[in-house]
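# Report on the structure
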Amino acid sequence: MRISRLTPWAAGLAAASLILVPASASAGQRNTAAAPAAASAPASASAVDTYYAAAEGKTGAALKTALHDIIKNQSKVTYDGVWNALKVTDQDPANSNNVILVYSGRSQSKSTNGGGVNDWNREHVWAKSHGDFGTATGPGTDLHHLRPEDVTVNSTRGNKDFDLGGGPVSEAPGSLTDSDSFEPRNAVKGDVARMLLYMAVRYDGGDGFADLEMNDKVNNGSAPLFGRISLLKQWNLQDPPDAFEQRRNQVIYDTYQHNRNPFIDHPEWVNSIW
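Presented here is an overview of the structure given in this document. (Residues numbered from 1 in each chain as written. Predicted model: local features only at pLDDT ≥ 70, side-chain atom pairs only at ≥ 80, totals over all residues. Heavy atoms only, no water.)

### Quick notes on the overall build of the protein chain
To keep things clear, this is the line we draw: Every helix listed is a DSSP run of H or I at least four residues long, and every strand listed is a run of E at least two residues long, numbered separately from the N terminus. With a 1.4 Å probe rolled over the protein chains alone, any residue whose accessible area is under 20% of its type maximum counts as buried; one over 50% counts as exposed, and the rest are partly exposed. Note on areas: Shrake-Rupley with a 1.4 Å probe; residue coverage comes only from the protein chains shown.
Counting its regular elements, the protein chain contains 10 helices and 11 strands. The buried share among the 274 residues of the protein chain stands at 54%. With the model as given, the accessible surface of the protein chain reaches about 10300 Å², and the carbon-plus-sulfur share is 53%.

Now the structure itself:
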C-alpha cells in the first residue's frame, strides 16, 4: 500500500490553509489581548509521506505497531504548560483572543482559563482515570487528546465512554449524555474518535503507563479501555478531518510535541487497524 496524502481521505490536508472552520458566537466572557497562534503552514505531501515511511505497505496489527514506533518519538509538555499550549492549538480562527471549546463549540476568551463557573479548563478526551495516568507528563499531558472545555461541561462528561443518546448537555448545544455515556456534537465526533485512537496507538504499555486499548463497551471505569469502537469508527467516516483539526495537528507537530496524529493525516488507517 503506497502511503500518499493525495488519497481522497488525505487530499484535504495537502490543500489545507490557515483559514479555519467558522467559530460559533462568542461566549461573552471578558476579553483581553492575547498573542496570535504560531503560524504553521500545512505540511507538504512528501514531508508527511517521509514521516510515515516506516508504515508504508502495512495493515492491521503491523500498521498499528509501525505507527506506534513513529509517534512515540515526541517532546513532552508539562501539565502547567498545557494551559498556554491550548491557547495556541485551539485558537479561534475568527478571534485570536479566544479559544474554541471542544464540546460546547463556543468561542471564549483565552484569559478565562481556570476552575470557576464559566471558566474553561483542560479536558482529557481519553479520561485520565481510564488507565489511571492522572496528569502525569505523558498521556496526562499529551496535547493530541487535551482540549479546552467549559468547567461545568467537563464535569458533566466526567470519565464517561462515548455512545449515542441521552439528554441535552447544558452549555454544550448538540451534545447528549446519560448515566454511562457522552455523545459530542456532530461537528467534533470525528475529532473525538481520532483523538482516542491516537491514544490507543501511542500508549501501548511502555513509558511506565498502562496499555491503552479500545473496546465496544461503556462503563469501562478505571480500566485502560475506551468505547465504543464500532461507533467511533462510524464517527471517523461521518466527520472527516477539517481545517481546524488539521492545523491543530500541524501546530502540535511544529511547536510542541513534534509528533503527529496519524488518523488526522490518514483517516483510512482506522478501518485498516480496527
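### Observations concerning the environment of Gly131
Short version of the rule: Contacts are assigned to residue pairs that have any heavy atoms within 4.5 Å of one another.
Residue position: Gly131 is located in the loop between strand 4 (120-124) and strand 5 (146-150). Under the relative-accessibility criterion, Gly131 is labelled buried at 16%. For the pair Gly131 and Gly221, spaced 90 residues apart in sequence, the C-alpha separation works out to 9.0 Å. Apart from residues lying up to four places away in sequence, Gly131 is in contact with Ala210, Leu212, Ser222, Ala223 and Pro224.

### Things to note about the pairing of strand 5
Inclusion rule: Any two strands are treated as partners once DSSP identifies two or more bridges connecting them.
Strand 5 sits mainly inside the fold: five of its five residues count as buried. Burial along strand 5 is two-sided: Leu146, Pro148 and Asp150 facing one way and Arg147 and Glu149 facing the other are all buried. Relative to strand 5, strand 4 is paired through five bridges, and the arrangement is antiparallel. In the sheet register, Trp120 faces strand 5, and the bridge partner there is Asp150.

### Looking at the sheet that holds strand 2 (residues 95-100)
One open sheet accounts for three strands, arranged 1-2-3; its pairing is antiparallel. Strands at the two margins of the open sheet, each flanked by one partner only, are strand 1 (91-92) and strand 3 (107-109). Summarising the sheet, strand 2 and strand 3 pair through three bridges and their orientation is antiparallel. When the sheet's bridge partners are listed, Val99 is paired in strand 3 with Gln108.

### Some thoughts on the environment of Gly115
Along the chain, Gly115 turns up in the loop between strand 3 and strand 4. Of the residues examined, Gly115 reaches a relative accessible area of 66% and is grouped as exposed. Distance in space between the C-alpha atoms of Gly115 and Asp150 is 9.2 Å, their sequence separation being 35 residues.

### Looking at the pattern of salt bridges
Where we set the bar: Whenever Lys or Arg places a side-chain nitrogen within 4 Å of a carboxyl oxygen from Asp or Glu, that contact is recorded as a salt bridge.
Enumeration according to the criterion identifies 12 salt bridges in this entry. Where Glu245 meets Arg194, a salt bridge forms, and the shortest distance between an N and an O atom there is 2.9 Å. Placement of Glu245 in helix 8 (residues 243-256) and of Arg194 in helix 6 (residues 189-202) is noted, with a sequence separation of 51 residues between them. Accessibility classification places Glu245 together with Arg194 in one group, the buried group.

### A short note on unusual backbone geometry
A cis geometry characterises the amide bond from Gly227 onward to Arg228, with omega recorded as 0°. Tracing the backbone shows Arg228 in the loop between strand 11 (225-226) and helix 7 (229-238). Although it is not a glycine, Asp132 adopts a positive phi angle of roughly 55°. In this fold, Asp132 is placed in the loop between strand 4 and strand 5. The exposed category is assigned to Asp132, whose relative accessible area is 66%. Positive phi, normally seen in glycine, also occurs at His258, with a value near 60°. Its location among the elements puts His258 in the loop between helix 8 and helix 9 (262-265).

### Quick notes on the side chain of Glu149
Here is the rule we go by: Under this definition, polar contacts are N or O atom pairs within 3.5 Å; protein pairs additionally need one hydrogen-donor-capable and one acceptor-capable atom, and for neighbouring residues in sequence, both atoms have to be side-chain atoms.
Position of Glu149 relative to the elements: it lies in strand 5. Of note is the side chain of Glu149, whose polar atom sits 3.4 Å from the backbone nitrogen of Val102. In contact with Glu149, not counting residues within four places along its chain, are Leu101, Val102, Tyr103, Ser104, Asp119, Trp120, Asn121, Glu123 and Asn154.

### Notes on the packing of aromatic side chains
What characterises a pair of aromatic rings is the spacing of the ring centres plus the angle enclosed by the ring planes. Stated precisely, the cut-off is as follows: The rule is short: rings of Phe, Tyr and Trp, with Trp giving its six-membered ring, pair when the centres are within 6.5 Å, and they are stacked under 30 degrees, edge-to-face over 60, tilted in between. Here, a charge over a ring is recorded when the distance from Lys NZ or Arg CZ to the ring centre is within 6 Å and its angle to the ring normal is within 35 degrees.
Counted by the stated rule, this structure contains nine aromatic pairs. With centroids separated by 5.6 Å and ring planes inclined at 80°, the aromatic side chains of Tyr51 and Tyr253 adopt a geometry described as edge-to-face. In this pair, Tyr51 is assigned in helix 2 (residues 45-51) and Tyr253 in helix 8, connecting sequence segments 202 residues apart. For Tyr51, a relative accessible area of 17% corresponds to the buried category. Taken together, the aromatic side chains of Tyr103, Trp126, Phe162, Phe182 and Phe226 make up a single cluster linked through ring pairs. Its guanidinium or amino end placed over the ring of Trp235, Lys189 lies 5.4 Å from that ring's centre, counting from NZ or CZ.

Keep in mind that these numbers describe shape and distance, not what the molecule does.
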